[in-house]
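Residue strings, one per chain:
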Amino acid sequence: MCSIIGYKGKNSAAPILVDSLKKMEYRGYDSVGVATIDDGSILVRKGIGKVIEVNKSLNISEMAGKIGIGHTRWATHGGVTDSNAHPHSACNKNIAVVHNGIIENYKELKAELTAKGHVFSSETDTEVIAHLLEINISGGIRKAMIDTCKSLKGNFAFVAVFQDGTIAGARYEEPLIIGVANDGYFISSDVLGFLQYTDKAIFLENGDICIVDSSKLEIFDFEGSPVAHPITQVAWELGDIDKGKYAHHTLKEINDQKQTVVHAGRQDEVMMQKFCDILGNAKSIYITGSGTSYHSALLFKHMLARFGKIRAETVMSSEAEYALSSMEADSILVAISQSGETADVLDSVKLAKSQGAKILSILNVTTSSLARSSDAFLSTNCGPEIGVAATKSFTGQLALIYNVTDRLCNGCLGTSKAEFAIAVENVLANVASIAKAAEKMNGATDIYLLGRSLHYPVALEGALKLKELAYVHAEGIAAGELKHGPLALMEKNTIVIMLNPHDDTFSDTISNAHEIKARGATVIGISDSKDDVYDHWIEIPRLNQSAFYPLVEVIPLQILAYQLALANSVDPDYPRNLAKSVTVR
Ligand code: F6R
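Residues numbered from 1 in each chain as written. Predicted model: local features only at pLDDT ≥ 70, side-chain atom pairs only at ≥ 80, totals over all residues. Heavy atoms only, no water.

*Asks:* I'd like a rundown of the environment of asparagine 11, residues and numbers included.
*Replies:* One can find asparagine 11 in the loop between β1 (3–9) and α1 (13–24). Taking the C-alpha atoms as reference, asparagine 11 lies 8.3 Å from glycine 184; in sequence the two are 173 residues apart. Once you skip the residues sitting within four places of it in the chain, asparagine 11 turns out to touch Ile16, Gly65, Lys66 and Asp183. (Helix = DSSP H or I, 4+ residues; strand = E, 2+ residues; numbered from the N terminus. Contact = heavy atoms within 4.5 Å.)

*Asks:* Lay out the domain arrangement of the chain with the relevant residues and their values.
*Replies:* By a widely used convention, the size of an interface equals the accessible area lost when the partners come together. As assigned here, the chain comprises domain 1 (3–234), domain 2 (240–415) and domain 3 (416–421 + 428–572). For domain 1 versus domain 2, the distance between C-alpha centres works out to 32 Å. Taken together, the twelve residues of domain 1 in the interface contact eight residues of domain 2. Roughly 870 Å² is buried in total at the junction of domain 1 and domain 2, and carbon and sulfur atoms are behind 61% of that figure. On the surface where domain 1 and domain 2 come into contact, there are two salt bridges. Taking the shortest distance from any N to any O, the salt bridge between glutamate 205 and arginine 372 comes out at 3.7 Å. (Domains from an automatic or database assignment. Buried area = accessible area lost by both parts, 1.4 Å probe. Salt bridge = Lys/Arg side-chain N within 4 Å of Asp/Glu carboxyl O.)

*Asks:* Explain the state of the cysteines to me, and be specific about the residues and the numbers.
*Replies:* On inspection of all chains with the given rule, the structure shows one disulfide. Two residues share a disulfide in this structure: cysteine 409 and cysteine 412, whose sulfurs sit 2.0 Å from each other. Because the sign of the S-S torsion sets the handedness, a value of about -90° for the bond joining cysteine 409 and cysteine 412 places this disulfide among the left-handed ones. Classification of cysteine 412 by relative accessible area gives partly exposed; the value is 39%. The closest cysteine sulfur to the non-disulfide-bonded cysteine 91 is located on cysteine 149, 20 Å from its own sulfur. The thiol of cysteine 210 is unpaired, and the distance to the nearest cysteine sulfur, on cysteine 149, comes to 10 Å. Exposure remark for cysteine 210: the relative accessible area of 0% places this residue in the buried category. (Disulfide = S-S within 2.5 Å. Buried < 20%, exposed > 50% of the residue type's maximum accessible area, 1.4 Å probe, protein only.)

*Asks:* Break down unusual backbone geometry for me, citing the residues and quoting the values.
*Replies:* Here histidine 86 and proline 87 are connected by a cis peptide whose omega angle stands at 0°. Considering the arrangement of structural elements, one finds proline 87 in the loop between β4 (67–73) and β5 (88–89). Of note in the backbone geometry, glutamate 173 takes a positive phi value of approximately 65° without being a glycine. Tracing the backbone shows glutamate 173 in the loop between β8 (167–172) and β9 (177–181). For glutamate 173, a relative accessible area of 18% corresponds to the buried category.

*Asks:* Describe in detail the packing of aromatic side chains, supporting the description with residues and values.
*Replies:* Under the definition given, this model contains nine aromatic pairs. Ring centres of tyrosine 7 and phenylalanine 186 lie 5.0 Å apart, and the angle between their planes is 50°; on these two criteria the pair is classed as tilted. Residue tyrosine 7 is found in strand β1, and its partner phenylalanine 186 is found in strand β10 (residues 184–188); the two are separated by 179 residues along the sequence. For tyrosine 7, a relative accessible area of 1% puts it in the buried group. (Phe/Tyr/Trp six-rings, centres within 6.5 Å; stacked < 30°, edge-to-face > 60°.)

*Asks:* Quick one: what's the story with the sheet that holds strand β15 (residues 284–289), residue by residue and with numbers?
*Replies:* What the five strands build is an open sheet, ordered β16-β15-β17-β18-β19; its pairing is parallel. The open sheet has two free edges, formed respectively by β16 (313–316) and β19 (376–379), since each of these has just one partner strand. Along the sheet, successive strands turn relative to each other by an average axial angle of 20°, direction set aside. Bridging between β15 and strand β17 (residues 331–337) involves five bridges; their strand directions are parallel. Counterpart to threonine 288 in the pairing with β17 is alanine 335. Those strands touched by helix α7 (residues 269–280) are β15, β17, β18 (358–363) and β19, and its axis lies near 125° from that of β19. (Pairing = 2+ DSSP bridges. Axes fitted to C-alpha atoms, helices over the stretch in contact; angles between N-to-C directions.)

*Asks:* Talk me through α1; I want residue IDs and the actual numbers.
*Replies:* With twelve residues, α1 extends 16 Å between its outermost C-alpha atoms, agreeing within 8% with the 16 Å of an ideal straight helix rising 1.5 Å per residue. Residues of α1 that are buried: Ala13, Ala14, Ile16, Leu17, Val18, Ser20, Leu21 and Met24. At its buried positions, α1 is contacted by β1, β2 (31–38), α2 (51–58), β4 and β10. (Expected span 1.5 Å × (residues − 1).)

*Asks:* Which residues make up the packing of helix α6 (residues 249–263) against helix α17 (residues 549–567), and what values go with them?
*Replies:* Interhelical geometry of α6 versus α17 gives an angle of 165° and a closest axis separation of 10 Å. Relative to α17, α6 is oriented roughly antiparallel. For α6 against α17, the interelement crossing comes out left-handed. Residue-level inspection shows Thr250, Leu251, Ile254, Gln257 and Val261 of α6 in contact with α17, the latter providing Leu551, Ile555, Gln558, Ile559 and Tyr562. For the contact of α6 with α17, the class distribution of residues is seven nonpolar, three polar and no charged. (Parallel < 35°, antiparallel > 145°, perpendicular 65-115°, else oblique. Left-handed = near helix turned anticlockwise from the far one by under 90°. Nonpolar A, V, L, I, M, F, W, Y, C, P; charged D, E, K, R; others polar.)

*Asks:* So, the sheet that holds strand β6 (residues 95–103): which residues are in play, and what are the values?
*Replies:* Spatially, the six strands line up as an open sheet ordered β5-β6-β7-β8-β12-β13, and their pairing is antiparallel. Two strands bound the open sheet, and with one partner strand each, they are β5 and β13 (216–221). Across six bridges, strand β12 (residues 208–213) lies against β13 in antiparallel orientation. The residue of β13 that forms the bridge with isoleucine 211 is glutamate 218. Docked against the sheet, helix α4 (residues 127–136) engages β5, β6 and β7 (154–162), running at close to 130° with respect to β6.

*Asks:* Outline the site of the ligand, supporting the account with residue identities and numerical values.
*Replies:* Around the ligand sit 15 residues in total, of which Ser293, Ser337, Ser339, Thr342 and Glu468 are the nearest. At 2.6 Å, a side-chain N or O of serine 337 approaches an oxygen atom of the ligand. Of all the secondary structure elements, the ones that give two or more residues to the shell around the ligand are α8 (291–308) and α15 (455–470). For the shell around the ligand, the residue count by class is five nonpolar, eight polar and two charged. Shared between two domains, the shell around the ligand takes at least three residues from each, and those domains are domain 2 (240–415) and domain 3 (416–421 + 428–572). (Near = heavy atom within 4 Å. Polar contact = N/O pair within 3.5 Å; in protein donor to acceptor, adjacent residues only side chain to side chain.)

Structure below.
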């Protein structure tokens, strides 16, 4: 949820660190800080706000020194204050630390350290790491890192800078990647932190420690035994995070979908076949994900059942601990995740593996922990998604799900990349009509989204977008459930969005629209056919294959949420309290 970066090289560290933090700000963004070493002293500047703001007020990029560490924070322990911002130093100010994760035993450690005379200056769990390093340093930095890691419980990735110019990092259940440049080293939460400087990466594993001292890199485990990992060449395109002509990353990513739904079809044939073979021969299948990716899981289940005649169960990753405890040994877990770093998803994978299951995954970040834990994975290939709200990754997941289902039913769907692209382009061209609907919804405090069958997961997804981007209470409802309770909420000024393209759900959903209208509510229809019952109609194109409607009907919902975010003065790229990669439980 936080991003951490360390740099040691031949160039000025601070501007590089600030640049890297801007690229990783999507991971968390309530405060920022940097520590550098200049003339044998550790300098720290940190404060509340986004990277650009804090850099402007504290002139971080002008800090001297060629060695340093940096951090963007998404608060877990301790409020959003300057003193809780990282880096954190120990008593003698000869060590500074940045951390991502949660130290579960920090209270016990803090009590022990306080009893030994250590004085804490923040409310964070992280500060114990700095004090532990200070206590353990007498045996040298190597031993201090090992002893400190052994004392910590929980999940962590941290980078420390020492007064002698050494930087060191350690990883346990949080990502940490070394960037190997010609003139220095990076230690980062994400390849985006260094990809503008080098495409050579070493992915640390759980229980690894790395030390860069006088420009030599050493990697060893928590027992001190040397560890060797290959240098991986990372695709440069992963670093392409410019928002171009668009006001926000979110808007760009919504518009990118006309290309990204096509890119999702570009799969390595061998991997695709392996994925489908494992899935097609599975005795029992569970599909998991969180948030938006869970909505894709629901759609995948429908698609497999309807077209592949394959039964699967869906499990929210945050519920997997309770739901997967009785998995059969020869099961398959399909994990869906944009980032491949969501802690709940990784936990469900771990649990499934411990019960003998094979892991298939659908992900966007091919260098992620999930990719490395999977027996086979498919990439949505939609490029970095920076906006906190998932948009192009959702339609990328859907396009992939259609492709896999099509293979499993021997081409019964007839997926066509060209058809996807044209349909998405048509919806995006309809932005004026979507803006009119947004006007009708402006000021609403509750919005309901209704759909049946494949449209129900889209209703859930639309509601999630409205909540996180526009801060409006929104609820996705299976339209057939209306009469079982939610109809009581329908009255004058209630806003209801009906997902109602012309397929086998159409006439039942139209009946629901009439029931709602009769109670005085405002009905907005997203459909390929106009109907008098709609107070406002958002037209989507008619598709030859009705199973593909979710791919296009979600786009007006993304645009509506974006427009309402602007109307409510929310920065759609950085909604409050959220982070793009949820790496804590
Ligand atoms: C919603 C959103 C989140 C993520 C969820 C899972 O717009 O972005 O709900 O979908 O945190 O993230 P991934 O897919 O990276 O596992």
